[in-house]
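Read off the chains here:
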Amino acid sequence: MGLVVSTLRQGEIATILVDSPPVNALGFAVRDGIASALAALERDEAVEVVILRCAGRTFFAGADITEFGKPMREPDLRRVIEHIEAFPKPIIAAIHGTALGGGLEIALGCHYRIAVASAQFGLPEVKLGILPGAGGTQRLPRLMGLKPALEVMVSGDFFGADRALATGVIDRIVPELDDAPLAFARSIAAVRPLPIVSRYDEKLREAKAVPSLFDDFAASVARKTRGFPAPARIIDCVKAAVTLDFAGGMKREREGLIELMASPESIAQRYFFFAEREAAKIPDIAADTPVQKITRAAVIGAGTMGGGIAMNCANAGIPVTLIETTQDALDRGLQIIRGNYEATARRGGLTAEEVETRVGLITGSLKLEDIASADIVTEAVFEEMGIKKELFAKLDAFARPDAILASNTSTLDVNEIASATAKPERVLGMHYFSPANVMKLVEVVRGGKTSKSAVASAFAISRRLKKVPVQTGVCYGFVGNRMLHRRTHESEMLLLEGAAPAEIDKAIFDFGFPMGPCAMGDLAGLDVGYRIRRGLGVVEKNIADRLVEAGRMGQKTNAGYYHYEPGSRAPLPDPAVDALIDEVARERGINRRHIPGDEILERLLYPMINEGARILEEGIALRASDVDVVWVYGYGWPVYRGGPMYWADSIGLQKIRDRLAALYDETGREHWKPAALIEQLAAEGGRFAGWKPG
Ligand code: NAD
């Protein structure tokens, strides 16, 4: 291995070249190497300008996350940046790839920044529940202006070189980083005084002209940032950039970072960062398992899910054939897809040309034989075993012999579906979540006969569609819906026992979910579950069923668990619903009572944990953290609470066991019986985290 940091000399110009694969993270060796190189170059009188750049695929892509939570070895990043900023000769950051987090902060400490056109910039610390802690909150606003810098730091989103140039973050876009930095270096070699970002104050004056700027910004992001402590801290630091001197602002930033690092929210978010990466690893499937090359896809069924899945393909540039049974259904499906793209274009998310390109990648057809050229066929027809089996039996005749055959079923037995084909090894579930073009989760359901290559291919294509795949085994509802059903069931019980829909939804919303089960039912349509329950032969009608029979299907009929004013999605409590619940409770001989919010929350979440434990016992999920990834990306579990299994560990499994056991004693209902795994871990003082079967 060569040197991590080396210095090259070309006449009066020195280049500090950092080479620390894979992403030049700013770990100790890199920081120390830069500090030593600077010390040598400071003494060297022949050197007039210094260029800082990285080898490999990117400029510094951030801090070394493995050093998180440990005391930082000197020199820390702040000190290195101070050294750069105070350097007596100009230092130019020459950027390619991604300058993220500490990487962008180090560039902000340089006197000049140049970048190739493909470079990306960002301060994504907020995604780990922390803030940019090496001067980012103080220097970026001085360069970009207050509002743009707040947007960058509070969203954590990346921005490109064009925007960086337009907002003053970089000085120039260059065609390459071999000769152009040298020419740039010569052009600025004599400029004095050196431009030092921490001394800029022109863009900070904006706050005087618009005193409500910070409050307005906080209000504009309130919905998205609810429950996360980092955004408010970032806003506070940027405010300090305006009200305090640079040293005062840096002190505030340091205090904010230390506090956030220790916050349970950030600890959960950092846990989740690794959980997501862990989910990509399947122990018995080698990383070099051959995968199906996807050049063309087919989707069967142009309804809610099929349309979204086809959009995912088009968004990734994959041509896709969308199959329907009738021209009407096909036209409707294609029209909705176009409408979705046009709505995105109206919000500024796509150009008119991009809309046409994407729509152009989707070809409708009424002939199943048109799947013949697809490398992957995804089925999204009605949720009925008979229909799915009949279809899969036909796929053998029309699909290419090596094509992956995926079902988007939410609940059905993938082994039974696979049994309808001659080649069950190429069949699996790819369970997308609604809206499929938005939600990031894909449960990859691995059947008993699914080949390793098919699973690896499903993971690869999911990633290409910018989704997060998680492997699950075959069972009713897989990981996510199986646990959700427990919550839905208990929500019904709570209604009967005395809670109002708004009380149930409030408990879940306040916990951090985007909405509660009743509001969610109204959004999805109560008739969906009604049909499934009738299909399963369920005779007893629950409250949702009674609402459907009263013509209340949810938002689409302006009435469900709530009342909706025409054109509004705001749920309004409805006395008619209270009366209906009272009536059903009376029929069942249940005395309704006031149920406190804490009890509502426990009774909604604990059965999910219990079911999650059974899912682990049965090997349906590979690890507890996979269950967490499913819930955060599929159902909006607040990431600052890690996920259900992580949350259960944080509560303590003994406490959860005891509460489950008490409810089991009280009600005799099977779903309260503590899972064997919970019994075992509680007795051992163990945790779900890191638990492995036998
Ligand atoms: P949908 O009713 O909106 O769409 C189904 C479409 O399939 C209809 O347009 C229908 O005409 C078409 N279709 C039926 N049989 C067909 C056939 N043989 N060939 C071609 N097209 C056919 O249903 P949906 O909500 O999109 O659900 C589709 C599948 O996705 C189901 O298995 C469902 O369980 C699953 N799913 C749904 C959701 C959701 O929230 N809606 C979420 C995840 C998974």
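No experiment lies behind these values; they were computed from the predicted model shown.

The next thing to look at is the sheet that holds strand 9 (residues 172–174). If you trace the six strands from one edge of the open sheet to the other, you get 1-2-3-4-6-9, paired in mixed fashion. The sheet is open, and its two edges are formed by strand 1 (5–10) and strand 9, each paired on a single side. Averaged over all adjacent pairs, the angle separating strand axes in this sheet is 25°, with direction ignored. Direction of pairing for strand 6 (residues 112–116) relative to strand 9: parallel, over a ladder of three bridges. Bridge assignment links V116 to a residue of strand 9, and that residue is V174.

This next bit is on the packing of aromatic side chains. For any pair of aromatic rings, the description rests on two quantities: the centre-to-centre distance and the angle between the ring planes. Applying the stated criterion across every chain, the model contains 16 aromatic pairs. Seen in terms of ring centroids, F59 and F60 are 4.8 Å apart; in terms of plane orientation they differ by 70°. Their pairing is edge-to-face. Residue class for F60 comes out buried when judged on its relative accessible area of 0%. Grouped by ring-pair contacts, the aromatic residues F433, F511, F513, Y606, W631, Y635, W637 and W647 constitute a single cluster. The aromatic ring of F159 is capped on one face by R163, whose charged end is 5.6 Å from the ring centroid.

The subject of this paragraph is helix 2 (residues 77–85). Listing the buried residues of helix 2 in full gives L77, R78, V80, I81, I84 and E85. One side of helix 2 holds all its buried residues, which, seen down the axis, span an arc of 160°. On its buried face, helix 2 sits against helix 1 (28–43), strand 3 (49–54), strand 4 (91–95), helix 3 (102–109), helix 4 (136–144) and helix 12 (246–261).

Quick look at the nonpolar core now. If you look at the biggest cluster of nonpolar residues, it comprises 86 residues, and the most contacted ones within it are F60, I106 and F121. The next biggest cluster of nonpolar side chains, apart from the first, holds 74 residues, and it includes F433, A499, L616 and Y635.

Counting through the fold element by element, G636 comes out in the loop between helix 27 (624–635) and helix 28 (644–651). Filtering out sequence-adjacent residues up to four positions away, G636 remains in contact with G512, F513, P514 and W631.

For the ligand, the set of nearby residues contains 19 residues, the closest of which are M305, E324, E383, K388 and S410. In this structure, M305 approaches the ligand through a main-chain N or O atom, which is 2.8 Å from an oxygen atom. Protein chains shield 76% of the accessible area of the ligand, which is 830 Å² for the free molecule. Elements supplying a minimum of two residues to the shell around the ligand: helix 14 (304–315) and strand 15 (427–432). Looking at side-chain class alone, the shell around the ligand contains seven nonpolar, nine polar and three charged residues.

Okay, the sheet that holds strand 5 (residues 98–100) next. The strand order across the open sheet built from three strands is 5-7-8, with neighbouring strands paired in mixed fashion. The open sheet has two edge strands, strand 5 and strand 8 (159–160), and neither has a second partner. Judged from the three bridges that link them, strand 5 and strand 7 (residues 120–122) form a sheet pairing that is parallel. Residue pairing across strands places L100 opposite G122, the latter belonging to strand 7.

Looking now at the pairing of strand 6. Summarising burial for strand 6: five of the five residues are buried, a large majority. The alternating pattern of strand 6 places Y112, I114 and V116 on one face and R113 and A115 on the opposite face, and all of these are buried. Pairing between strand 4 and strand 6: four bridges, direction parallel. Across the sheet, I95 pairs through a bridge with A115, a residue of strand 6.

What counts as what
Residues numbered from 1 in each chain as written. Predicted model: local features only at pLDDT ≥ 70, side-chain atom pairs only at ≥ 80, totals over all residues. Heavy atoms only, no water. Pairing = 2+ DSSP bridges. Helix = DSSP H or I, 4+ residues; strand = E, 2+ residues; numbered from the N terminus. Axes fitted to C-alpha atoms, helices over the stretch in contact; angles between N-to-C directions. Phe/Tyr/Trp six-rings, centres within 6.5 Å; stacked < 30°, edge-to-face > 60°. Buried < 20%, exposed > 50% of the residue type's maximum accessible area, 1.4 Å probe, protein only. Lys NZ or Arg CZ within 6 Å of the ring centre and 35° of its normal. Arc of directions from axis to C-beta. Contact = heavy atoms within 4.5 Å. Core = buried A, V, L, I, M, F, W, Y, C linked by side-chain atoms within 4.5 Å. Near = heavy atom within 4 Å. Polar contact = N/O pair within 3.5 Å; in protein donor to acceptor, adjacent residues only side chain to side chain. Areas by Shrake-Rupley, 256 points an atom, 1.4 Å probe, with all protein chains shown as cover. Nonpolar A, V, L, I, M, F, W, Y, C, P; charged D, E, K, R; others polar.

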